[in-house]
Amino acid sequence: MVGDLAFARVTSGLAHACALTRLGDVYCWGNDARGQLGDATTIRRNAPVRVAGDDHYAAVEAGGAFTCALSTGRALLCWGANDRGQLGDGSNASRTIPTRVRTPESLAFRAVTAGTAHACALADDGRALCW
């Protein structure tokens with residue numbers, strides 16, 4: 001618990017960390033050179049800052065210099081470094097705020113995981129998608 005924040009899950013990347021609150025908000029801290037904190041800046045933070053946007057989340061996973069999260073509506077969003085397409089939005093542009101992963105619209109997801117420069121998600125129908 002940090003201040004009034006009660007965390008339910010924590011994850012760490014190469015030089016940043018993020019945590020999911022019990023209320024479904026995501027907070028991140030650490031290096032932000034590539035926007036991996038998701039707060040619409042590239043400013044290093046020594047204390048948790050809330051990820052931008054109105055989405056609430058069920059899961060969060062930090063990758064190398066990016067972060068992905070599963071919204072409570074079961075959509076996938078990622079932010080941060082994207083030089084290898086790790087955000088899954090069809091571009092190679094880094095993002096400082098959560099950006100939806102391009103997936104077939106009929107899919108709902110139940111899990112997400114992130115590596116150094118890739119991410120994968122498990123759809124409700126059992127399919128695994130990676131980018």
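Everything that follows concerns the structure shown earlier in this document.
Not measured: the values here are computed from a predicted model.

## Brief notes about the state of the cysteines
Here's step 1: Inspection of every chain in the model, using the stated rule, returns 3 disulfides.
Here's step 2: The partner cysteine of Cys18 in its disulfide is Cys28, sulfur to sulfur 2.1 Å. Note on the Cys18 and Cys28 pair: the S-S dihedral is about 105 degrees, so by sign convention the disulfide is right-handed. One end of the pair, Cys18, is in strand 2 (residues 16-21); the other, Cys28, is in strand 3 (residues 26-30), and 10 residues separate them in sequence. Residue Cys18 shares its accessibility class with Cys28, and that shared class is buried.
Here's step 3: Between Cys68 and Cys78 runs a disulfide, and the two sulfur atoms are separated by 2.1 Å. Residues Cys68 and Cys78 share a disulfide whose torsion about the S-S bond is about 105 degrees; that sign makes it right-handed.

## Observations regarding the sheet that holds strand 7 (residues 76-80)
Here's step 1: Read across the open sheet, the 4 strands follow the order 5-6-7-8; overall the sheet is antiparallel. The open sheet has two edge strands, strand 5 (57-62) and strand 8 (95-100), and neither has a second partner. On average, adjacent strands in this sheet sit at an angle of 20 degrees to one another, irrespective of strand direction.
Here's step 2: As paired elements, strand 7 and strand 8 share 3 bridges and run antiparallel to each other.

## Here's the deal with the side chain of Asn82
Here's step 1: Tracing the sequence through the fold places Asn82 in the loop between strand 7 and strand 8.
Here's step 2: Residue Asn82 is classed as buried on the basis of its relative accessible area, which comes to 0%.
Here's step 3: Looking at Asn82, its side chain comes within polar contact range of the main-chain oxygen of Ala93, at 3.1 Å.

## Digging into the sheet that holds strand 4 (residues 45-50)
Here's step 1: With antiparallel pairing, the 4 strands of this open sheet are ordered in space as 1-2-3-4. The sheet is open, and its two borders are formed by strand 1 (7-12) and strand 4, each paired with just one other strand. The sheet shows a mean angle of 20 degrees between the axes of neighbouring strands, taken without regard to direction.
Here's step 2: The pairing of strand 2 with strand 3 spans 5 bridges and is classified as antiparallel. Among the inter-strand pairings, Ala19 is bridged to a residue of strand 3, identified as Tyr27.

## Concerning the pairing of strand 6 (residues 66-71)
For a regular strand, side-chain orientation follows a simple rule: the groups alternate between the two sheet faces.
Here's step 1: In terms of burial, strand 6 is largely enclosed, as 6 of its 6 residues are buried.
Here's step 2: Where strand 5 lies against strand 6, 5 bridges are found, and the strand directions are antiparallel. When the sheet's bridge partners are listed, Val60 is paired in strand 6 with Ala69.
Here's step 3: Between strand 5 and strand 6, which pair antiparallel and follow one another directly, the connecting turn spans 3 residues.
Here's step 4: Pairing geometry for strand 6 and strand 7, over 5 bridges, is antiparallel. Directly across from Leu70, in strand 7, lies its bridge partner Leu76.
Here's step 5: Linking two consecutive strands that pair antiparallel, namely strand 6 and strand 7, is a turn of 4 residues; a positive phi of about 70 degrees is found at Arg74 within it.

## Examining the pattern of salt bridges
Here's step 1: According to the stated counting rule, one finds 7 salt bridges in the structure shown.
Here's step 2: Close ionic contact of Glu61 with Arg9 constitutes a salt bridge, the shortest N to O distance being 2.2 Å. Within this pair, whereas Glu61 is found in strand 5, its partner Arg9 is found in strand 1, the two being separated by 52 residues in sequence.
Here's step 3: The buried category is assigned to Glu61, whose relative accessible area is 13%.
Here's step 4: Among the residues examined, Arg9 registers a relative accessible area of 33% and is labelled partly exposed.

Conventions used here
Residues numbered from 1 in each chain as written. Predicted model: local features only at pLDDT ≥ 70, side-chain atom pairs only at ≥ 80, totals over all residues. Heavy atoms only, no water. Disulfide = S-S within 2.5 Å. Helix = DSSP H or I, 4+ residues; strand = E, 2+ residues; numbered from the N terminus. Buried < 20%, exposed > 50% of the residue type's maximum accessible area, 1.4 Å probe, protein only. Pairing = 2+ DSSP bridges. Axes fitted to C-alpha atoms, helices over the stretch in contact; angles between N-to-C directions. Polar contact = N/O pair within 3.5 Å; in protein donor to acceptor, adjacent residues only side chain to side chain. Salt bridge = Lys/Arg side-chain N within 4 Å of Asp/Glu carboxyl O.

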